[in-house]
Amino acid sequence: MTDTAARYLYLARHGEASADETTLTENGRRQAVLLGERLRSAPLSVIHHGPLPRAQQTAQLIGAQLDGVPLHRSEPAGDYVPHLPTKEELPPDSADALLDFLAQVPEEERGLGPALAREALAEFTGPVDGDRPRHELVVTHNFLVGWLVRAALDAPEWRWMGVNQGNAALTVIRYAPGRPSSVLFHNDMAHLPAELRWTGFPPELRA
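Residues numbered from 1 in each chain as written. Predicted model: local features only at pLDDT ≥ 70, side-chain atom pairs only at ≥ 80, totals over all residues. Heavy atoms only, no water.

### What to know about the packing of aromatic side chains
Here comes step 1: Across all of its chains, the model carries 3 aromatic pairs by this definition.
Here comes step 2: Taking the centre distance of 5.0 Å and the plane angle of 80 degrees together, the rings of Trp198 and Phe201 count as edge-to-face.
Here comes step 3: Look at Trp198 and you get partly exposed, because its relative accessible area is 21%. (Phe/Tyr/Trp six-rings, centres within 6.5 Å; stacked < 30°, edge-to-face > 60°. Buried < 20%, exposed > 50% of the residue type's maximum accessible area, 1.4 Å probe, protein only.)

### Describing the pairing of strand 7 (residues 170–175)
When a strand is regular, its side chains alternate between the sheet's two faces.
Here comes step 1: Of all 6 residues making up strand 7, 5 are buried, and the element is well covered by its neighbours.
Here comes step 2: Relative to strand 7, strand 2 (residues 7–13) runs antiparallel, the two being bridged by 6 bridges. Across the sheet, Ala12 pairs through a bridge with Leu170, a residue of strand 7.
Here comes step 3: In this antiparallel pair of consecutive strands, strand 7 and strand 8 (residues 182–188), the connection spans 6 residues, and Gly178 shows a positive phi of 75 degrees. (Helix = DSSP H or I, 4+ residues; strand = E, 2+ residues; numbered from the N terminus. Pairing = 2+ DSSP bridges.)

### Concerning the nonpolar core
Here comes step 1: In terms of nonpolar packing, the biggest core is built from 28 residues, with Leu9, Leu11, Trp160 and Met161 touching the most fellow members.
Here comes step 2: Within the residue set of this core, elements represented by two or more residues are strand 2, helix 3 (95–103), helix 4 (107–124), helix 5 (142–152) and strand 7.
Here comes step 3: In this view, Trp160 contacts Val81, Pro82, His83, Leu102, Phe143, Gly146, Trp147 and Arg150; residues no more than four positions away in its chain are not counted.
Here comes step 4: Core analysis: the second largest hydrophobic core is formed by 20 residues, Ala6, Leu35, Ile62 and Val139 among them. (Core = buried A, V, L, I, M, F, W, Y, C linked by side-chain atoms within 4.5 Å. Contact = heavy atoms within 4.5 Å.)

### What to know about the environment of Arg159
Here comes step 1: For Arg159, the position within the fold is in the loop between helix 5 and strand 7.
Here comes step 2: Its relative accessible area of 35% is what places Arg159 among the partly exposed residues.
Here comes step 3: Residues Arg159 and His83, spaced 76 residues apart in sequence, show a C-alpha to C-alpha distance of 9.2 Å.

### Here we look at the pattern of salt bridges
Here comes step 1: All told, the structure shown has 9 salt bridges when counted by the stated rule.
Here comes step 2: Ionic pairing is found between Arg54 and Glu21, a salt bridge with its closest N-O pair at 3.5 Å. On the criterion of sequence distance, the pair formed by Arg54 in helix 2 (residues 53–64) and Glu21 in the loop between strand 2 and helix 1 (26–38) is long-range, its members being 33 residues apart.
Here comes step 3: Judged by its relative accessible area of 5%, Arg54 falls in the buried class.
Here comes step 4: According to the relative accessible area criterion, Glu21 is partly exposed, its value standing at 41%. (Salt bridge = Lys/Arg side-chain N within 4 Å of Asp/Glu carboxyl O.)

### A short note on the layout of surface pockets
If a probe as big as a water molecule is rolled over the atoms, it shows which places are left empty.
Here comes step 1: In this structure, the largest pocket spans a volume of roughly 590 Å³.
Here comes step 2: Forming the boundary of the largest pocket are 26 residues, of which Arg13, Phe101, Asn142, Phe143 and Gly200 lie nearest the centre.
Here comes step 3: Breaking the lining of the largest pocket down by element, the ones donating at least two residues are helix 3 and helix 5.
Here comes step 4: Of the residues contributing to the lining of the largest pocket, the split by class is 12 nonpolar, 8 polar and 6 charged.
Here comes step 5: As a volume, the second largest pocket reaches approximately 210 Å³. (1 Å grid on protein atoms, 1.4 Å probe; cavity = no way out; pocket = protein on both sides within 12 Å on 5 of 7 lines; lining within 4 Å. Points joined across faces, edges and corners; volume = space filled by probe spheres on them. Nonpolar A, V, L, I, M, F, W, Y, C, P; charged D, E, K, R; others polar.)

### A short note on the environment of Arg38
Here comes step 1: If you trace the backbone, Arg38 turns up in helix 1.
Here comes step 2: Note on Arg38: relative accessible area 28%, which makes it partly exposed.
Here comes step 3: Through-space distance from the C-alpha of Arg38 to that of Asp129 is 27 Å; in sequence the pair is 91 residues apart.
Here comes step 4: Dropping the residues within four chain positions of it, Arg38 is found in contact with Leu170, Phe185, Asp188, Ala190 and His191.
Here comes step 5: Only 3.2 Å separates the side chain of Arg38 from the side chain of Asp188, close enough to count as a polar contact. (Polar contact = N/O pair within 3.5 Å; in protein donor to acceptor, adjacent residues only side chain to side chain.)

### Thoughts on unusual backbone geometry
Here comes step 1: With a phi close to 55 degrees, Asp154 is a non-glycine residue in the positive phi region.
Here comes step 2: Checked against the element boundaries, Asp154 lands in the loop between helix 5 and strand 7.
Here comes step 3: We classify Asp154 as exposed; its relative accessible area is 69%.
Here comes step 4: We note that Ala168 has phi near 65 degrees; this positive angle belongs to a residue other than glycine.
Here comes step 5: Inspection of the secondary structure assignment puts Ala168 in the loop between helix 5 and strand 7.
Here comes step 6: Residue classification places Ala168 among the buried positions, given a relative accessible area of 0%.

By themselves these figures say nothing about function.
In C-alpha cells form, the structure reads like this:
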C-alpha cells in the first residue's frame, strides 16, 4: 500500500482588481507582495493559479517574493459557481435572495462551474502520496475558497455561499491521513496593514 502524508493547502483570493478586472490595482499589487513576504517561511512546493489576469498577476507577484517556487496555471482554480442549489436545498428565509444573487452571475460561470469544482476537489484536497508533507498555494477567487472550506467542514454543498474572503487574505486547510480535514485558519489578513484589509467585502460584511 502506498504511504500517504499530510497536505497543507494554502488558499488566497487574488489582490484587489481594477473595475474591469483586467489587472490589479496598486493596492492589489501591494497586497500580493505582502502576502508573498508572509509566505517566505512556508515550504511551498508549487503555486497554482486561476487563468484570469487578476489571479495570474497575484501569483506572479507572490512568486517573486519566494525562492524558485514554480507557478502552475490551473483551470479548476478559476472563477466559477461551484454548485447551483435548488430552492429546496436553501434555508426558506434566504432562498430567494441567494437565487437572485446566482442569477446575476454570467451563464458561463454557472454552466461550467460544477464540473470544475469536482476537478478542484480531486486536484487540491486530501492527503498526498509519499512520506513527506506537501505545502501548496492556490491563488484563486472568492467562490472557490468558499467551496473548499465548505468541503473541508463537510457542510452542505450550497454553503459555499456566505463564506467570504478578502483580497489577498490567507486560508490554510490540513488534510492528514486517517483524520478529518482541518481548517487551520480562514480569511487571515494579519500580513496586511489596516488600509489594505477588507477590500473585496461590502461594508456590511467588514468586522
